[in-house]
Amino acid sequence: MGRDEAQPTARTRSSLFVKMALFVSALLILTTGLMSWAGYVVARDIIRDQIHQLLRVAASDRHAMVLSFVAQQHERAGLVASRTKLRNLIAQFKRGEVAAQDMRDGTRPILADALRSTDGFRAISIAAPDGEVITSTHDEWLDVDVSGDPAFQAGLKGRYLGEPVRADDHHATTVSSPALTNEGELLGVVMVELDVTPLFEILTLTAGLGESGELLVGARNGNEIQYLFPPRRGGDQTALNEVPAMAAAIEGASDFEVTEYAGVEVLLNYRPIEYQPIEHRAWGLVAKMDVAEAYLPLAEFRRSRLWVQAALIIAG
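Residues numbered from 1 in each chain as written. Predicted model: local features only at pLDDT ≥ 70, side-chain atom pairs only at ≥ 80, totals over all residues. Heavy atoms only, no water.

This next bit is on the overall build of the chain. Each helix and strand in the chain was counted, giving 9 helices and 12 strands. By residue count, 41% of the 316 residues in the chain fall in the buried class. Residue pairs in contact within the chain that sit at least 24 positions apart in sequence constitute 56% of those at least 6 positions apart. When the accessible area of the chain is evaluated, it comes to approximately 17100 Å², of which 55% is carbon and sulfur surface. (Helix = DSSP H or I, 4+ residues; strand = E, 2+ residues; numbered from the N terminus. Buried < 20%, exposed > 50% of the residue type's maximum accessible area, 1.4 Å probe, protein only. Contact = heavy atoms within 4.5 Å. Areas by Shrake-Rupley, 256 points an atom, 1.4 Å probe, with all protein chains shown as cover.)

Right, let's talk about unusual backbone geometry for a bit. Phi at D143 takes a positive value of approximately 70°, unusual for a residue other than glycine. Relative to the assigned elements, D143 resides in the loop between β2 (133-136) and α5 (150-155). Judged by relative accessible area, which is 46%, D143 ranks as partly exposed.

What follows concerns the confidence of the model for the chain. Predicted confidence across the chain gives a mean pLDDT of 84, with 89% of residues reaching 70 or more. The lowest-confidence element of the chain is helix α1 (residues 3-6), averaging 51 in pLDDT; the highest-confidence one is β2, averaging 96. (pLDDT = per-residue confidence, 0-100.)

To continue, consider the nonpolar core. Counting residues in each nonpolar core, the largest one holds 62 residues, and the members touching the most others are V66, V80, I124, V190, L267 and W283. A total of 11 residues in this core trace back to one element, the largest contributor, which is helix α2 (residues 10-81). Once residues within four sequence positions are removed from consideration, V80 is found in contact with L86, L111, A114, F121, I124 and V190. (Core = buried A, V, L, I, M, F, W, Y, C linked by side-chain atoms within 4.5 Å.)

Moving on, we get to the packing of aromatic side chains. For the structure on display, the rule yields 1 aromatic pair. Measuring from ring centre to ring centre gives 5.1 Å for F200 and F229, while their planes differ by 70°; the resulting arrangement is edge-to-face. Of this pair, F200 sits in helix α6 (residues 197-204) while F229 sits in the loop between β8 (224-227) and β9 (237-239), and the two are 29 residues apart along the sequence. Under the relative-accessibility criterion, F200 is labelled partly exposed at 28%. The buried category is assigned to F229, whose relative accessible area is 7%. (Phe/Tyr/Trp six-rings, centres within 6.5 Å; stacked < 30°, edge-to-face > 60°.)

Before going further, it helps to spend a moment on the pairing of strand β7 (residues 214-221). Most of β7 is tucked away: 6 of the 8 residues are buried. Relative to β8, β7 runs antiparallel, the two sharing 4 bridges. In the strand pairing of β8, N221 is matched with E224. With antiparallel pairing between neighbouring strands as the criterion, β7 and β8 make up a hairpin whose turn holds 2 residues, including G222 at a positive phi of roughly 70°. (Pairing = 2+ DSSP bridges.)

With that settled, the discussion passes to helix α4 (residues 100-117). Think of an α-helix as 3.6 residues a turn; residues three or four steps apart then line up on the same face. With 18 residues, α4 should cover 26 Å at 1.5 Å per step; its first-to-last C-alpha distance of 26 Å lies within 8% of that length. The sharpest bend along α4 measures roughly 30° and falls at T107, with the proline P109 sitting one to four residues further on. Buried within α4 we find M103, R104, T107, I110, L111 and A114. (Expected span 1.5 Å × (residues − 1). Bend = angle between axes of the 7 residues up to and from the residue.)

Next up on the list: helix α3 (residues 84-94). Every buried residue belonging to α3 is among L86, R87, L89, I90 and A91, and all of these are buried. G96, located one to two residues past α3, shows a positive phi value of around 85°.

Tallied over the full model, the rule gives 10 salt bridges. Its salt-bridge partner being R122, residue E193 comes within 3.8 Å of it at the nearest N-O pair. Note that E193 is positioned in strand β6 (residues 186-195) and R122 in strand β1 (residues 121-127), a separation of 71 residues in sequence. We classify E193 as partly exposed; its relative accessible area is 28%. When its relative accessible area of 38% is taken as the criterion, R122 is described as partly exposed. K288 is the salt-bridge partner of E214, the closest N and O atoms lying 3.2 Å from each other. Remark: K288 occurs in strand β12 (residues 281-290) and E214 occurs in strand β7; sequence separation between them is 74 residues. (Salt bridge = Lys/Arg side-chain N within 4 Å of Asp/Glu carboxyl O.)

The next subject is the side chain of T135. Along the chain, the position of T135 falls in strand β2. Judged by its relative accessible area of 0%, T135 is buried. In this structure the side chain of T135 is engaged in a polar contact, spanning 2.7 Å, whose partner is the side chain of T107. What T135 contacts, discounting residues up to four positions off in sequence, is M103, R104, T107, R108, L111, S125, I126 and L142. (Polar contact = N/O pair within 3.5 Å; in protein donor to acceptor, adjacent residues only side chain to side chain.)

This part takes up the pairing of β2. Here β1 runs beside β2; their pairing, made up of 3 bridges, is antiparallel. Paired with A127 across the two strands is V133, which belongs to β2. Connecting the antiparallel pair β1 and β2 is a turn made up of 5 residues, with G131 showing a positive phi of about 100°.

Moving on to the packing of α3 against α4. Contact geometry for α3 and α4: axes closest at 10 Å, N-to-C directions at 165°. When the axes of α3 and α4 are compared, the pair comes out roughly antiparallel. At the point where α3 passes α4, the crossing takes the left-handed sense. Contact residues: K85, L86, L89, I90 and F93 in α3; A100, M103, G106, T107, I110 and L111 in α4. Residue classes in the contact of α3 with α4 are distributed as 8 nonpolar, 2 polar and 1 charged. (Axes fitted to C-alpha atoms, helices over the stretch in contact; angles between N-to-C directions. Parallel < 35°, antiparallel > 145°, perpendicular 65-115°, else oblique. Left-handed = near helix turned anticlockwise from the far one by under 90°. Nonpolar A, V, L, I, M, F, W, Y, C, P; charged D, E, K, R; others polar.)

This is the structure we're talking about:
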């Protein structure tokens, strides 16, 4: 056998080089692809967990803040109802020992003092058990029949905070509390017109939720949801079947889901706010954020991963 025949030909060497290059490239592509995909899956789960946790924390914090606000208003209305001199004057009037005007002259300074010393109180009235206002800080409330007011009806049983409504340049509601004798006999219901701007500020604080983040609180009104404060999209009310997450929260459910809201895909966390245990009433709280904004870090990470993988493949 000749020397030239014993050595690999140029064509053979070229074929081996191509095969080796293809093998190394395929191995590199497969390895980098698997490693990149595994890294992406881990990072994706971490980012998703962070986004979901952000919504949970936002919902949990606002839930606690709203309950704290409600409890504070219950306590403040209860303090007015528990003033000894106030209760004694109403009891004397109820027994016929003092005239109506004398009772009003004696109770008004007490109510006026409570009004001045308590932030957010705009008017204080006391209604008899039949619903007639017998004394008030404001004359226009005197002798008014409030028996059909939900706040009065609830106040016969315990402390209550109603749903806020828009009133001129602020949001207001009524907080009520029964006034009882030392023996537990009902004297009347203290009804306070309350400025709930602090509650509005709590629920419009969306720090950490991005530009699309929003916190919604709603109450059931027949077959509709009545929002305590108007949302960015839509009106103050919406059909119950159009917001299943809010409806579920009002019924006591808590969960996290991706759904459509006002034509936009959103992430949301919902839970109930059981603000009126006596009547087992609850508001629904929904913390939401647009999917496009929420998952923007994930989309950017996906793009950077593809660029890195492409560069590694080209280098290989």
